[in-house]
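# A closer look at the structure
What follows is the residue order along each chain.
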Amino acid sequence: MCGIVGAIAERNVVEILLEGLRRLEYRGYDSAGVALLDSQGNLTRTRRIGKVKELAQALKEQPVKGATGIAHTRWATHGGVTEANAHPHLSSERIAVVHNGIIENYQTLRQELTQAGYGFSSDTDTETIAHQVHLELDKCGDLLKAVQNAVTKFHGAYGTVIMDKQEPERIIVARSGSPLVIGLGIGENFIASDQMALLPVTRRFMFLEEGDVAEISRTSIQVYDQSGAVVEREVIESDVEHDAGDKGGYRHYMLKEIHEQPSVIRNTLQGRLSDTGISPNIFGQGADKIFAGIQHVQIIACGTSYHSGMTARYWLEQYANVSCNVEIASEFRYRKSFVHPNSLIVTISQSGETADTLAALRLAKQQGYSASLAICNVPGSSLVRESDLAFMTLAGAEIGVASTKAFTTQLTGFLMLTLAIGQHNNMLQTDHDDIVKALHSLPAKLEETLTLTAGIKELAKEFADKQHSLFLGRGDQYPIAMEGALKLKEISYIHAEAYASGELKHGPLALIDDEMPVIVVAPNNELLEKLKSNVEEVRARGGIMYVFADKQANFKSDDTMRVINVPHCEAAIAPIVYTLPLQLLSYYVAVIKGTDVDQPRNLAKSVTVE
Ligand code: G6P
């Protein structure tokens, strides 16, 4: 989704801005632009539809310079993908603005501003910010005050960066609902919507909080909270790897990230899982006390993260003896739900900034949950900051839009949460010990599973001309089938649906023919015999099946069935192990189909608007 980069320096900042935008490309966007101010107060703007490389080419052909600048990648929400709708937006060639989020009342503001004499040249909500700030500036004569006044008029979400042509020595930024981070340099400062954008220039970051407005010059940063009072925000030293944005020799980020899973899961376990288990305080100070009083867990998430929550429900109820509900954040936030006594609310998010998940957490906090826990991959993200407890999945930066390693590290975190909550709920010692043992074996098991690549690559060829597909799983593999289907549709654009295989007879069997590949996830568990019956139902109707099965499950390849034997593993970790072959299958199908694997059409990595 949209990305912001800004800089105020003594040097020309064009390259810093472009590199920042490149590092945000993974988030998904459809146009890009940059506005620069030089010391003489000349304001230039360059925008292009398409990729950052088109913008870079335009700047090469018509070079511009400036020591103060703002840049943006836009993912269209209000108004089509046109150059006129690309950011930065200007007001009377004086105020320049980039913005992430949505100004919901933009139509009312637009009418008022038009009546006040401001001409609009785009269909965007963002242009109202530029004109509103300009209007306020004309009234009060001070850019900071003008922004502080303007933001009181906005409903919705914004992370915005504003420059005034008449004041190249300062930039004003404001945040509400869309993240912004200030990068601290020496004699220069930077702004971005994600620290990834600024790693080549700094590792020192200050995360703005909700309602903050900040004034940034080359040598100073002054932050004001919602009430206008001066506030201090902590400066943190980032430990995100500088080269996290490199493909490391792989053709796509997604493939690199699939292969990183053994090592990032090792990192996620390290120092948290001992030979005897875990200490609940890996979830934060006081977690042990909180978990002791928990009788119910409500999980909330979107997309792939929702599937990890779905899987966790099986584990929490089966092993930790605690009741658990899982809900999509966009549903939860708009309905009146029942709050069970002594409930823990758990949000899961790769980014920690997903608008619906964040809104759902905020609502839950008003509803009387005992405590909140975020399972998240981005330290300092809104979700982490606003939760009582946090568990960081140490997946490293995930660039591919289709989530892979973030998902499996979330699942790893959930198995540890199962151990932590189970300790207070008469969890069977054998279950406890089995999970601990299984978690220790997990990284090696995943390494072994990755050796299936060659066979899966071959299998992928059979999907290239398919329009539809069906994924089947039972028990804790049902959410894994859902995740497999999501991966395939996200990156190969093949329609994919997942069913709990017991539901076959209740509808999907009608779809079975030899044009409908059926992908079956079949570990050797207590549901295997039931699953085998479902397989026979498909076979009897001429369906072609692709079965990912434990060798001991005794499936044999034949005319109607291709079998990929997945390494045998402990039951508790099977959902994590079986995820990998499904990721690889989607990846290789997408490669054969020639889609944009890392940035699939119409999708964004971090969905910071509703
Ligand atoms: C987008 C991404 C998905 C992700 C979902 C939730 O749709 O493309 O990969 O699963 O958002 O994101 P989160 O950051 O909250 O996990």
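Model, not experiment: these values are computed from the prediction.

Let's shift gears to unusual backbone geometry. In this structure, the amide linkage connecting His 87 to the following residue, Pro 88, adopts the cis form with an omega of -5 degrees. Along the chain, Pro 88 turns up in the loop between strand E4 (68-74) and strand E5 (89-91). Although it is not a glycine, Asn 342 adopts a positive phi angle of roughly 50 degrees. Considering the arrangement of structural elements, one finds Asn 342 in the loop between helix H10 (329-332) and strand E18 (343-349). Taking the relative accessible area as the measure of exposure, Asn 342 reaches 36% and is therefore partly exposed. Phi angles above zero are rare outside glycine, and Asn 554 is one such case at about 60 degrees.

Across the seven residues that make up E4, a large majority, seven, are buried. Going residue by residue along E4, you find Thr 68, Ile 70, His 72 and Arg 74 tucked away on one face and Gly 69, Ala 71 and Thr 73 tucked away on the opposite face as well. One ladder, built from six bridges, connects strand E1 (residues 3-8) with E4; its direction is antiparallel. Across the sheet, Val 5 pairs through a bridge with Ala 71, a residue of E4. Here strand E2 (residues 31-37) pairs with E4 via seven bridges, running antiparallel. In the sheet register, Ala 35 faces E4, and the bridge partner there is Ile 70.

Right, let's talk about the sheet that holds E18 for a bit. One open sheet accounts for five strands, arranged E17-E16-E18-E19-E20; its pairing is parallel. Taken across any chain shown, the strands that pair with only one partner, and hence form the sheet edges, are strand E17 (323-328) and strand E20 (389-392). The sheet shows a mean angle of 20 degrees between the axes of neighbouring strands, direction not considered. With four bridges joining them, strand E19 (residues 371-376) and E20 adopt parallel strand pairing. Across the sheet, the residue bridging to Ile 375 is Phe 391, located in E20.

Where helix H14 (residues 429-450) meets helix H18 (residues 574-593), the closest approach of the two axes is 9 Å, and the angle between their N-to-C directions is 30 degrees. Looking at the two axes, H14 sits roughly parallel to H18. Here H14 runs over H18; the crossing is right-handed. Counting all contacts with H14, which are made through Leu 442, Lys 445, Leu 446, Thr 449 and Leu 450, the residues of H18 involved are Ile 576, Val 577, Leu 580, Pro 581 and Leu 584.

Buried residues dominate strand E7 (residues 158-164), accounting for seven of its seven residues. Residues Tyr 158, Thr 160, Ile 162 and Asp 164 point to one face of E7 and Gly 159, Val 161 and Met 163 to the other, with burial holding for every one of them. Where strand E6 (residues 95-100) lies against E7, six bridges are found, and the strand directions are antiparallel. Within E7, the position partnered with Ile 95 by the bridge is Asp 164. Relative to strand E8 (residues 171-176), E7 runs antiparallel, the two sharing six bridges. Note on E8: the bridge partner recorded for Gly 159 is Arg 175. Where E7 folds back onto E8 in an antiparallel hairpin, the turn is made up of six residues.

Attention now goes to helix H17 (residues 528-539). Each turn of an α-helix holds 3.6 residues, which means side chains three or four residues apart point in the same direction. For H17, built from 12 residues, the straight-helix expectation of 16 Å at 1.5 Å per residue is met to within 8% by its first-to-last C-alpha distance of 16 Å. Of all the residues in H17, the buried ones are Leu 528, Leu 531, Asn 534, Val 535, Glu 537 and Val 538. Down the axis of H17, the buried set is contained in an arc of 165 degrees. They therefore lie on one face.

Attention now moves to the packing of aromatic side chains. Taken as a whole and assessed by the stated rule, the structure comprises five aromatic pairs. Relative to Phe 291, the ring of Phe 283 has its centre 5.6 Å away and its plane inclined at 70 degrees; by these criteria the two rings are edge-to-face. There is no split in this pair, since Phe 283 and Phe 291 are both buried. Among the aromatic residues, those joined into a ring-pair cluster are Phe 283, Phe 291 and Phe 391. Across from the ring centre of Phe 391, 4.1 Å away, lies the NZ or CZ of Arg 272, which sits over that ring.

A volume near 490 Å³ is recorded for the second largest pocket. Every residue lining the second largest pocket is counted, 23 residues in all, and those nearest its centre are Cys 302, Gly 303, Ala 604, Lys 605 and Val 607. With three residues, helix H9 (residues 303-318) is the single largest residue contributor to the lining of the second largest pocket. Among the residues making up the lining of the second largest pocket, the classes are represented as nine nonpolar, 11 polar and three charged.

A word on the UniProt feature "domain: SIS" (unreviewed entry) in the chain. Residues annotated in UniProt with the feature "domain: SIS" (unreviewed entry) correspond here to residues 286-427 and 459-600. Here residues 286-427 is 42% helix and 20% strand, with 21 Å between the C-alpha atoms at its ends. Helix makes up 35% of residues 459-600 and strand 22%. Its end C-alpha atoms lie 22 Å apart.

Per the UniProt record, the feature "active site" (unreviewed entry) sits at Cys 2 and Lys 605. A compact arrangement is adopted by the annotated residues: their sequence extent is 604 residues, whereas the largest C-alpha distance between any two is 9.7 Å. Those annotated residues that line the largest cavity are Cys 2. Within the secondary structure layout, Cys 2 lies in the segment before E1. Cys 2 sits in the buried class, given a relative accessible area of 9%.

We now examine the environment of Leu 580. By the element assignment, Leu 580 lies in helix H18. The class of Leu 580 is buried, set by a relative accessible area of 0%. Note: C-alpha distance between Leu 580 and Ile 95 (485 residues apart in sequence) is 49 Å. Not counting chain neighbours up to four residues away, the residues in contact with Leu 580 comprise Gln 261, Thr 408, Leu 446, Thr 449 and Leu 450.

Reading the values: rules and limits
- For every chain, the first residue of the written sequence is number 1, and numbering continues from 1 along that sequence.
- With pLDDT at 70 or above as the cut-off, local features in this predicted model cover only qualifying residues; side-chain atom pairs require 80 or more to be listed or tallied, and sums for whole chains, interfaces and linings still use all residues.
- The side-chain numbers reported here are obtained from all heavy atoms of the structure, hydrogens and water having been left aside.
- Numbering of helices and strands runs from the N terminus; a helix is a DSSP stretch of H or I covering at least four residues, while a strand is a stretch of E covering at least two.
- Between buried and exposed lies partly exposed: a residue is buried under 20% and exposed over 50% of the maximum accessible area for its type, with that area taken using a 1.4 Å probe on protein chains only.
- A pair of strands is labelled paired if DSSP reports no fewer than 2 bridges between them.
- Working convention: axes come from line fits to C-alpha atoms, limited for helices to the stretch in contact. Angles between N-to-C directions cover 0 to 180 degrees.
- Throughout this description, any angle smaller than 35 degrees is read as roughly parallel, any larger than 145 degrees as roughly antiparallel, any in the 65 to 115 degree range as roughly perpendicular, and the remainder as oblique.
- By convention the crossing between two helices is left-handed if the near helix lies anticlockwise of the far one by an angle smaller than a right angle, and right-handed if it lies clockwise.
- The contact definition used throughout considers only heavy atoms, calling two residues in contact when any of these lie within 4.5 Å.
- One fewer than the residue count of a helix, multiplied by 1.5 Å, yields its expected span.
- In this description, one arc is meant: the one made by directions from the helix axis to the C-beta atoms.
- The pairing test for Phe, Tyr and Trp rings, Trp by its six-membered ring, is centres within 6.5 Å, and the orientation test on the planes gives stacked under 30 degrees, edge-to-face over 60, and tilted for anything in between.
- Whether a charge lies above a ring is judged from NZ of Lys or CZ of Arg, which has to be within 6 Å of the ring centre and within 35 degrees of the ring normal.
- Cavities and pockets are found on a 1 Å grid laid over the protein atoms alone: a cavity is a set of points where a 1.4 Å probe fits but cannot escape, a pocket is an open set with protein on both sides within 12 Å along at least five of seven lines, and a lining residue has an atom within 4 Å of such a point.
- Grid points are joined across faces, edges and corners, and a volume is the space filled by probe spheres set on the points.
- Under the scheme applied, nonpolar residues are Ala, Val, Leu, Ile, Met, Phe, Trp, Tyr, Cys and Pro; charged residues are Asp, Glu, Lys and Arg; polar residues are all the others, including Gly.
- UniProt positions are given in the numbering used here, feature names are shortened, and annotations may be inferred rather than shown by experiment.

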